[in-house]
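One-letter residues, chain by chain:
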Amino acid sequence: MRYELIREKMETCDALLLLGGVYPHYNDWISKEIMACKKEGDKPLIVVHKDQTLQISPVVRRYADRFVQWNKDELVAAFRDLLQ
C-alpha cells in the first residue's frame, strides 16, 4: 500500500531530490521512493550533501545520478543537466 502511494506521487515529478545521510528510521520509505523513481519511472535521483561528514547509504549511493552540495547553483545545474 505504501509503495503504491509513493508511486502515484512520483508519476508527476521529473526527478527525485533526496537529502544525503543514513536515516535508519526512514530506510524502508527511502528504498521505496528510489524504486518508484528508478524502476518505475526511470527518473533522475539527485542527492544533496548538507555536510561532508554524513554517510550515504549503499542503496542511495548505487542509484544516485548526481551528488551535489547544499548550494543552489549546484542544484540548478544538476536539474538542468539531468532533465535535458
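Before any of the text, the structure's been laid out above.
What you see is a predicted model, and the numbers here were worked out from it, not measured in a lab. (Residues numbered from 1 in each chain as written. Predicted model: local features only at pLDDT ≥ 70, side-chain atom pairs only at ≥ 80, totals over all residues. Heavy atoms only, no water.)

Engineer: Explain the packing of helix α1 (residues 2–10) against helix α2 (residues 27–40) to me, using residue names and the numbers behind them.
Structural biologist: Their axes nearest at 9 Å, the elements α1 and α2 cross at an angle of 50 degrees. With respect to α2, the element α1 is oriented oblique. In the crossing of α1 with α2, the sense of the turn from one axis to the other is right-handed. Here Arg 2, Tyr 3, Ile 6, Arg 7 and Met 10 of α1 lie close against α2, whose contacting residues are Asp 28, Trp 29, Lys 32, Glu 33, Met 35, Ala 36, Cys 37 and Glu 40. Residues of the contact of α1 with α2, tallied by class, amount to 7 nonpolar, no polar and 6 charged. (Axes fitted to C-alpha atoms, helices over the stretch in contact; angles between N-to-C directions. Helix = DSSP H or I, 4+ residues; strand = E, 2+ residues; numbered from the N terminus. Parallel < 35°, antiparallel > 145°, perpendicular 65-115°, else oblique. Left-handed = near helix turned anticlockwise from the far one by under 90°. Contact = heavy atoms within 4.5 Å. Nonpolar A, V, L, I, M, F, W, Y, C, P; charged D, E, K, R; others polar.)

Engineer: Explain the nonpolar core residue by residue, including any values.
Structural biologist: Among the nonpolar cores identified, the biggest contains 14 residues, and Met 10, Leu 18, Ile 34, Leu 45, Val 47 and Val 60 are the most heavily contacted of them. Mapped by element, the contributors of at least two residues to this core are α1, β1 (16–19), α2 and β2 (45–49). Considering every element that reaches this core, the biggest residue donor is α2, with 4 residues. If near-sequence neighbours (up to four positions away) are discounted, Val 60 is found in contact with Leu 18, Ile 30, Ile 34, Leu 45 and Val 47. With 5 residues, the next largest nonpolar core counts Ile 46, Val 48, Val 68 and Leu 75 among its residues. (Core = buried A, V, L, I, M, F, W, Y, C linked by side-chain atoms within 4.5 Å. Buried < 20%, exposed > 50% of the residue type's maximum accessible area, 1.4 Å probe, protein only.)

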